[in-house]
Amino acid sequence: MSTAEVSFACASALVAELVRGGVRHACVSPGSRSTPLTLALARHPGLTVHVHLDERSGGFFALGLARARREPVAIACTSGTAAAELFPAVVEASQSRVPLVLLTADRPPRLRGTGANQTIDQVELYGRYVRWFVEMPVPTDEADIAAWSTVGAHAVAAARRGDLPGDAQVHPPGPVHIDCPFEEPLVPSGTGMHPKASTAEASPRMSAFSSMHAPEIERRLREAVRGLIVVGSFDRPQESILDLAGALGVPVLAEPTSGLRRPGRALAAGQELATALQERADLAPDVVVQFGDAPTSRATQRLVASSAYRIVVADTSRLDPDPEGLATERVEVPGEEWISEAVGTASEAGRTPWLARMDAAARTVTEGLMDAWEEASEMRVSRDLAAAVPAGGTLFVGNSMPVRDLDTFMVPRADLRVLADRGASGIDGLVSTALGVAASDTGPVYALLGELSFLYDAGALLWHARGGPDLVVVVNDNGGGQIFATLGQGELPQDEFERFFLTPHAVDIEQLCEAASAGHARVERAHDLIPAVESASAAGGLQVVQVMIDAERDRTRRAELRAAVADALHGLEPG
């Protein structure tokens, strides 16, 4: 076999094992050194391959696919800085435990440090943000095929749960990095055939075990005067948490990304209550049990911290849900699967949830005020869009204000999936991630982003608007990073605040969409949003609904709403 044919055979053996392990989608970007990988991926009948001009966008696209499909996705790129462009998506995948298999083509190791073109040191390029790194041997003869095949099998196992040969620990899912060096020539003759998959077996997963702390959790909640369950993000909704809460009569404050904000089973005005209760020490919860990731909003974080007794359930396959070390008791468990076994079926407590009346009052005031607003508002956009997504659809929500507004104003519903890049919470790659979710064939997909997040990933718009998946992107255009006006940066001198934090822009989003051949609609009045979204959805393709927000008016509205909710709850005893 020639050098090119050996390289292709090794790459094909690697890809065959990835597919055997459950990889069904791959993202590739054009490049020369990655030719064996690209051909191996493109020629495998079990893969759908997505092409991206921009590696950074491709990485986030793969992230969205993997997140939505809950399966590992492969990414291949050429050598040099192309591999570095994947780093933001790798960080997000690591932090949010999304399985990716990174196949970065490389020059032979002998060229490192010699000044050879497009040659960088890719050894452990992503540091601790990958679950596993391996540098493959340069393919030289047929004996190397077995090694490449074995690595493919182990890579899928490592991405799914971090199970590797001889490793007794259970690691969280996440990205793995395979450095793939190739000698020239790179193009095999003919069409090439995929070698049969090897018989190498991926390492077995360690099974979850039942927590012995479950009776204690139930007892603490049962005896609490004002018990509360707080649920952060989960990869899959853990229905048993709601079953436990219902049996014990304990209210649930669930983030949209938990999948548990269900009608009649979770608080409808949880964030507003979290803020209001902090002003009444006599109504602070006496016991809080926290599941899932750490709370997104500061209001929930402070509410949890205000309780007299805090039980944090720390899933060892996830990031630390108690980064400030505030837990009174910490329950260590090996994975999400434990919950249904751990909580069991609690006996009926016959107790009315203690926040029920306050929750209803706060929601009534909120709905009445927002319904009366004629101008577009970020708060109402989050509520109305979440309610308008068709049953079985997905709402991908951006970071900064959109995810916080959704957490505060989304009305509970059972037939909506909410996804977000909250592992590292960056604003880079959000359009690409949403496009990846839309390409997953898991139902209609909508996205809610701020305009800076949208513009940051404009390359994805330019690349995918023609022939890409169906996606409606709602963009709140409020003139920059308005979240900083609510933080300490808002107290800075105006010139510093605007230049370094608000970062106003002069981009005409309508012209940008026109240049990209993406659909565009402009919304200025609150009641025009849903008709515009419905028209965009019916049109198909990549559609952008730009919502014009008066930032100063929105800040005034927020203050009015907080005051109205506080007045409604004043003197109202819970439950």
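Residues numbered from 1 in each chain as written. Predicted model: local features only at pLDDT ≥ 70, side-chain atom pairs only at ≥ 80, totals over all residues. Heavy atoms only, no water.

> With reference to specific residues and values, describe the overall build of the protein chain.
The helix and strand inventory of the protein chain stands at 21 helices and 17 strands. The buried share of the protein chain, reckoned over its 575 residues, is 58%. Restricting to contacts in the protein chain with at least 6 residues of sequence separation, those with at least 24 account for 75%. Working note: accessible area of the protein chain is about 22,400 Å², and carbon and sulfur atoms make up 52% of it. (Helix = DSSP H or I, 4+ residues; strand = E, 2+ residues; numbered from the N terminus. Buried < 20%, exposed > 50% of the residue type's maximum accessible area, 1.4 Å probe, protein only. Contact = heavy atoms within 4.5 Å. Areas by Shrake-Rupley, 256 points an atom, 1.4 Å probe, with all protein chains shown as cover.)

> An account of the environment of Ala68 is needed here, citing residue identities and associated values.
Within the secondary structure, Ala68 is located in helix 3 (residues 55-69). For the pair Ala68 and Asp235, spaced 167 residues apart in sequence, the C-alpha separation works out to 9.4 Å.

> Which residues make up unusual backbone geometry, and what are the values?
In this structure, the amide linkage connecting Glu184 to the following residue, Pro185, adopts the cis form with an omega of 0°. A positive phi angle, close to 55°, is found at Arg70, a residue other than glycine. By secondary structure assignment, the location of Arg70 is in the loop between helix 3 and strand 3 (73-77). Among the residues examined, Arg70 registers a relative accessible area of 34% and is labelled partly exposed. For Asp441, which is not a glycine, the phi torsion comes out positive at approximately 60°.

> A description of the packing of helix 12 (residues 356-372) against helix 13 (residues 378-388) should follow, citing residues and the corresponding values.
One can describe the packing of helix 12 onto helix 13 by two numbers: an axis separation of 10 Å at closest approach and a directional angle of 110°. Relative to helix 13, the element helix 12 is oriented roughly perpendicular. Of the residues in helix 13, those touching helix 12 at Arg363, Glu367, Met370 and Asp371 are Met379, Arg380 and Arg383. Residue composition of the contact of helix 12 with helix 13, grouped by class: two nonpolar, no polar and five charged. (Axes fitted to C-alpha atoms, helices over the stretch in contact; angles between N-to-C directions. Parallel < 35°, antiparallel > 145°, perpendicular 65-115°, else oblique. Nonpolar A, V, L, I, M, F, W, Y, C, P; charged D, E, K, R; others polar.)

> Give me the sheet that holds strand 9 (residues 287-291): which residues, what numbers.
Taken together, the five strands give an open sheet; going across it, the order is 8-7-9-10-11, and neighbouring strands pair in parallel fashion. The two strands at the open ends of the sheet, each matched to only one other strand, are strand 8 (252-254) and strand 11 (329-333). Strand-to-strand, the axes of this sheet are offset by a mean angle of 15°, without reference to chain direction. Sheet topology places strand 7 (residues 227-231) next to strand 9; five bridges connect them, and they run parallel. When the bridges of strand 9 are listed, Ile229 appears paired with Val289. (Pairing = 2+ DSSP bridges.)

> Talk me through the packing of aromatic side chains; I want residue IDs and the actual numbers.
As enumerated under the stated definition, the model contains three aromatic pairs in all. Taken together, a centroid distance of 5.3 Å and an interplanar angle of 90° make the contact between Phe87 and Tyr126 edge-to-face. Here Phe87, found in helix 5 (residues 87-96), pairs with Tyr126, found in the loop between strand 4 (100-106) and strand 5 (132-135); they are 39 residues apart in sequence, far enough to count as distant. When its relative accessible area of 27% is taken as the criterion, Phe87 is described as partly exposed. Within the aromatic cluster, the residues linked to one another by ring pairs are Phe87, Tyr126 and Tyr129. (Phe/Tyr/Trp six-rings, centres within 6.5 Å; stacked < 30°, edge-to-face > 60°.)

> For the pairing of strand 6 (residues 175-181), give the residues involved together with the corresponding values.
Of all seven residues in strand 6, seven are buried, a share of seventy percent or more. Relative to strand 6, strand 4 is paired through seven bridges, and the arrangement is parallel. Counterpart to Val101 in the pairing with strand 6 is Val176. Sheet analysis places strand 5 next to strand 6, joined by four bridges and oriented parallel. Residue Val134 lies in a different strand from strand 6, and its bridge partner there is Ile178.

> Got a sec to walk through the side chain of Ser12? Specific residues and values, please.
Here Ser12 lies in helix 1 (residues 3-20). For Ser12, a relative accessible area of 0% translates into the label buried. From its side chain, Ser12 meets the backbone oxygen of Phe8 in a polar contact 2.8 Å long. (Polar contact = N/O pair within 3.5 Å; in protein donor to acceptor, adjacent residues only side chain to side chain.)

> Requested: an account of the sheet that holds strand 13 (residues 417-419), with residues and values cited.
Pairing in this open sheet of six strands is parallel, and the strands run 13-12-14-15-17-16 from one edge to the other. Either end of the sheet is taken by a strand with one partner, and the two such strands are strand 13 and strand 16 (519-523). Taking the axes of each pair of neighbouring strands and ignoring which way they run, one obtains an average angle of 20° across the sheet. Across five bridges, the pairing between strand 14 (residues 445-450) and strand 15 (residues 471-477) is parallel. Within strand 15, the position partnered with Leu448 by the bridge is Val474.

> Would you mind going over helix 6 (residues 144-160) in detail, with residue names and values included?
With 17 residues, helix 6 should cover 24 Å at 1.5 Å per step; its first-to-last C-alpha distance of 25 Å lies within 8% of that length. Most of helix 6 is tucked away, with 13 of its 17 residues classed as buried. (Expected span 1.5 Å × (residues − 1).)

> Quick rundown of the packing of helix 3 against helix 15 (residues 430-438)? Include the residues and the values.
Put simply, helix 3 and helix 15 touch, their axes get as near as 6 Å, and they point 45° apart. If you check the angle between helix 3 and helix 15, you find them oblique. Viewed along their axes, helix 3 and helix 15 form a crossing whose handedness is right-handed. Of helix 15, the residues touching helix 3 (which contributes Ser57, Phe60, Phe61, Leu63, Gly64, Leu65 and Ala68) are Ser432, Thr433, Leu435, Gly436 and Val437. Looking at the contact of helix 3 with helix 15 residue by residue, the class counts come to seven nonpolar, five polar and no charged. (Left-handed = near helix turned anticlockwise from the far one by under 90°.)

Take it as geometry only, folks, not as evidence of what the structure does.
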